[in-house]
Amino acid sequence: MLTIDNLHARVAGKDILKGLSLEVRPGEVHAIMGPNGAGKSTLGNVLSGREGYEVTEGSVLFEGRNLLELEPEERAAAGVFLAFQYPVEIPGVNNTYFLRAAFNAQRKARGEAELDSMQFLKLVREKLKVMQLSPELLNRAVNEGFSGGEKKRNEIFQMALLEPKLAILDETDSGLDIDALKQVAEGVNALRSPERSFIVVTHYQRLLDYIVPDFVHVLAGGRIVESGDRSLALKLEEHGYAWVAEHGEPAGASA
Amino acid sequence: MSQPARTPFVAALAGAPLPASGIAWLDEARRGNLEAFVAAGLPDTRVEAWKYTALRALAQRGFAAGDAQAASRPIDPALLALPGAGAPALVFVNGVFRQDLSLPDALPAGVSLQPLSGVLERDPEPLRFALARYYREAGDAFARLNAAFAGDGVVLRVEAGVRVAAPLRLVFVGAGAEGDLAWHVRNLVELGEDAELTLVEQHLGAGEQGHLGTQLGDFALHAGAKLHHAVLQQAGTGSSLFRRSHYRLDARAQAHLHALELGGALARHDLCAELVGDGAAFHTHGAFLPNGRQHMDTQLAIHHRAHDTVSSSTWRGVAGGRGRGVFRGAIVVAAGADGSDATLANKNLLLSPQAEIDTKPELEIYADEVKAAHGATVGQLDERALFYLRSRGIPGAQAHALLTAAFARVPFESLSHEALRNHVEQLLLAQLPG
C-alpha cells in the first residue's frame, strides 16, 4: 500500500529525514517511536503534502502512485489522512459545514455522488456514536474553544467519517489524560480493518497499550534505526531512547 | 483677481438650476451651500479626512444635475427582493421617490414614514433646523452638494414607546440613464423615547451607469430608544457613492449598526456618532470588500460626551485584485465623560499583491476613568488553517474562499435577524473568489 524508499527531506534548509524507508501493507498498524527532534512529525507532514517540506531524495509510492506529486487535497481523496498533533482552530467556519465540504470534495474527486445535507447528517449521527463526541461540538466553529481532548477526538471523528485507507496519527496521545487517551484509542480500534492501515507516531509507549501495533520502528537521526514487534516498544520504555543511541544506531547503519 | 480654474466636476454643477421649493429658508440654504461648493470644489489629499481617497479622477468628470426621467425608469422587481425581509417600504431611483415600486406594509400605529418630497410640499417647517444647515468644513464638498440639490429622501419617525418588530426596508437604486448624472437623497430618522426599530438600508445598481450619488442621513435617538440599522451597499460597479451618517444618542439610547460594503467604483462612508446622554451605547459592525479596481473608504468618528457611554466597533476589510480599502476609526472621549468604555478593532486581509488597505485607529481621551482599547492589523490567510482544510480534501481555491468568507463574516455574527444574516452570508460567498 505504502512504500517509502530512502526518503530525504529538508525543512528551512535543515536536513531532517536522511534515508527513511518503510513498507506498510493493507491492514497493518506501524508504530513509529523516537526522541524529540528525530523527524517524527516531519514524516507525517511530508506524507500529507505540507508546504515548506522539501523532499531532496527518495520516493513514496501509495497504491502504486507517486504520492509526492499530488496536492494535499489529492492525497486526501486518494485515501491518506493525517491526524494533526495540533489541530487548527478556524473561527467562522462551522464544523459541520467543514466536514461536509471535505467529505463531498473527496467524493467528487473520486467521481462518486455527493451527499445532501440530510444524508450527511444521518451519517454524522452514526459516526458520532463511535467517538462519543458531543453533537454540540458540530455546531461550533472548527476546533474553536475545544479542549485538548475534544480536539484530538474531533480528529479521530473526522477519520471515522472520511474513512481513509491510510491514517497517520501524529502524536495523537500528546496532552491527553488517560481517559481521553482510552477514548481516542477505542475510536481508532473501531476503525481497524484488513483494508485500512495506520502509522502511529508517538513519543511514549503508553498509547501502544491501547492501540496494539503489528510493527514498531525506532526513528532516530532521520532514519529508522531499529524495527521489531511490540516488544521493542516495551524495551524502549524500559531503557529509554539513550538505549537506541547505543544499540540501535549500528543496526540501522548496517541495514 | 484670479480664480483657480473650475474642474469639469464643479463646472457641470455650478450652473445647474436648484430644485425649486417655494420655501424661502430652504432656497436660501441651497444657494448658500452651492456657492460654498463652487468656491471650494472637491477636497484634495492635503485635507486630512481625504488623505487616502484621491478625487483627482472624479474632478475631471462632469455629471448632469439630477434625472428628469427618474420617475419612469423601468426597474426589475427581482432586483428589489430580499427573502425574509418583506417588501421595500420606500424605493428611490436616481434620488427620486418611486411610489410605484414602494410597497409599505400597513405601518404600525406610531410610525410615520414619508418621502421628503411629500413633506416639503405639505409641512416643511419641522425640518427647518436640519435642512437649513450650512456645511463649513474643508472636506464637506459632498454634504454641500447634497444640501443644495437633494429634493427627496426618507422622513421617518417612530413615536415614543412604539416598538416595531418587522424590519423596515429602504432601497436606493442608481439606474442607467442617457449619461452619467448626480443624484442626492436626504434622510431624517427620529426615534422617540423607548422606541425601537429595525431599519434595512440597501444601495443597488440597475444597468450600466457611472453616476454620482450622495446621501446625508440624520438619526436622532431619544432616551432609551433602540435602533438596529443594517446597511447593504451594493451600488453599481461604475458608480461613485458618498454617504454621510450622523447619529445622536440621548441617555440609554442604543444603536447597532451592521454595514456591508460591496459595491461602487468609489464608495465613501462618513459615520459620526455623538453619545450625548448618560449610558448611551453605539455598536458598529462592518466589512468592506474592495475588488477589481474598487476603492472603499469608511471613516468612523465616535464622540463620547456623557457618563458611562459605551461604544464598540468590529470591522473587517478584505481587498482583492487592485482593490483599495481605507478605514479610519476615531474615538474621542470628551472631558467629563467618565466611565466611558470604547473598543475598536479593524482586521484586514489582502488577497492579492496589488491590493491595499490603509487603516488608522485614533484615540483621543480627555476624561478620567475610561476603558479604551483599539487595534488594527493587515495580513494574509493563515497558512496552517489552509493546509488543515486541504489535508481533509478541500481543494485550495475552495479552502481560500471558505477562510476568506469566515474572516469577513465575523462582524455579522451579531446580526440578530436571521434572514438578513443569511442574505449577508450569500452576498459574501458570491463576492469572494473561489
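Residues numbered from 1 in each chain as written. Chains lettered and ligands numbered in written order. Predicted model: local features only at pLDDT ≥ 70, side-chain atom pairs only at ≥ 80, totals over all residues. Heavy atoms only, no water.

Turning next to the interface of chain A and chain B. Opposite the 30 residues of chain A that make contact, chain B presents 19 residues. Across the interface of chain A and chain B, roughly 2,000 Å² is buried in total on both sides, 64% from carbon and sulfur atoms. Where chain A touches chain B, the interface holds three salt bridges. The salt bridge partner of Glu 73 of chain A is Arg 390 of chain B, with a shortest N-O separation of 2.7 Å. In this assembly, chain A and chain B are joined by eleven residue pairs in polar contact (both at pLDDT 80 or more). Mapped by element, the contributors of at least two residues to the side of chain A that touches chain B are α1 (40-48), α2 (72-78), β6 (80-83), β7 (90-94), α3 (95-109) and α5 (148-162) of chain A. Grouping the amino acids of the side of chain A that touches chain B by side-chain chemistry returns 18 nonpolar, seven polar and five charged. (Contact = heavy atoms within 4.5 Å. Buried area = accessible area lost by both parts, 1.4 Å probe. Salt bridge = Lys/Arg side-chain N within 4 Å of Asp/Glu carboxyl O. Polar contact = N/O pair within 3.5 Å; in protein donor to acceptor, adjacent residues only side chain to side chain. Helix = DSSP H or I, 4+ residues; strand = E, 2+ residues; numbered from the N terminus. Nonpolar A, V, L, I, M, F, W, Y, C, P; charged D, E, K, R; others polar.)

Okay, the sheet that holds strand β14 (residues 281-288) of chain B next. One key point about sheets: their strands pair by backbone hydrogen bonds, in either a parallel or an antiparallel sense. All names here are of chain B. One open sheet holds the ten strands; their spatial order is β3-β2-β6-β8-β10-β12-β14-β16-β18-β20, and the pairing between them is mixed. Because the sheet does not close on itself, it has two edges, and the strands there are β3 (96-97) and β20 (371-379). In this sheet, β14 lies alongside strand β12 (residues 254-261) in parallel orientation, the contact comprising eight bridges. Each bridged residue has a counterpart across the sheet, and for His 256 the counterpart in β14 is His 283. Packing of helix α8 (residues 396-409) onto the sheet brings it into contact with β14, β16 (310-319) and β18 (341-350), and relative to β16 it is tilted by some 155°. Along the sheet, helix α9 (residues 418-431) contacts β8 (196-206), β10 (226-234) and β12; its crossing angle with β10, the most-contacted strand, is approximately 25°. (Pairing = 2+ DSSP bridges. Axes fitted to C-alpha atoms, helices over the stretch in contact; angles between N-to-C directions.)

On to the sheet that holds strand β2 (residues 14-24) of chain A. Residue and element names in this part refer to chain A. The four strands are arranged β2-β1-β4-β5 in an open sheet whose pairing can be described as antiparallel. The open sheet has two edge strands with one neighbour each: β2 and β5 (65-66). Summarising the sheet, strand β1 (residues 2-11) and strand β4 (residues 53-62) pair through eight bridges and their orientation is antiparallel. Residue pairing for β4: Ile 4 is matched across the bridge by Val 60. Each of β1, β2 and β4 touches α1; the most contacted strand, β1, lies at about 110° to it.

Bringing the nonpolar core into the picture now. One recurring pattern in soluble globular proteins: nonpolar side chains tend to sit buried together. Of all hydrophobic cores here, the largest spans 114 residues; its most connected members are Ile 199 of chain A together with Leu 260 of chain B. Ranked by residues supplied to this core, first place goes to α8 of chain B with seven residues. Viewed by domain, this core spans two of them, domain 1 (8-381) and domain 2 (382-434) of chain B, each represented by three or more residues. Every residue in contact with Leu 260 of chain B, bar those within four places of it in the chain, is listed here: Val 231, Leu 232, Gln 233, Ala 287, Leu 289, Phe 412, Val 424, Leu 427 and Leu 428 of chain B. The next biggest cluster of nonpolar side chains, apart from the first, holds 57 residues, and it includes Val 154, Leu 257, Ala 280 and Met 296 of chain B. (Core = buried A, V, L, I, M, F, W, Y, C linked by side-chain atoms within 4.5 Å. Buried < 20%, exposed > 50% of the residue type's maximum accessible area, 1.4 Å probe, protein only. Domains from an automatic or database assignment.)

Let us look at the packing of helix α2 (residues 24-40) of chain B against helix α6 (residues 141-149) of chain B. Residues and elements named next belong to chain B. Running from amino to carboxyl end, α2 crosses α6 at an angle of 145°, the nearest separation of the two axes being 8 Å. As for the relative orientation of α2 and α6, their crossing is left-handed in sense. On the side of α2, the interface is formed by Arg 30, Asn 33, Leu 34, Ala 36, Phe 37 and Ala 40, while α6 contributes Ala 141, Arg 144, Leu 145, Ala 147, Ala 148 and Phe 149. In the contact of α2 with α6, the residues fall into nine nonpolar, one polar and two charged. (Left-handed = near helix turned anticlockwise from the far one by under 90°.)

On to the pairing of β18 of chain B. Residue and element names in this part refer to chain B. Across ten bridges, β16 lies against β18 in parallel orientation. Residue pairing across strands places Trp 315 opposite Asn 346, the latter belonging to β18. In terms of strand pairing, β18 meets β20 through nine bridges, oriented parallel. Within β20, the residue paired with Leu 344 across the bridge is His 374.

Okay, the confidence of the model for chain A next. Residues and elements named next belong to chain A. This prediction gives chain A a mean pLDDT of 89; 96% of its residues lie at or above 70. Ranking the helices and strands of chain A by mean pLDDT puts α2 first, with 97, and helix α8 (residues 242-254) last, with 53. Low pLDDT, under 50, characterises residues 248-255; the predicted model gives this stretch eleven contacts beyond four residues in sequence or across chains. (pLDDT = per-residue confidence, 0-100.)

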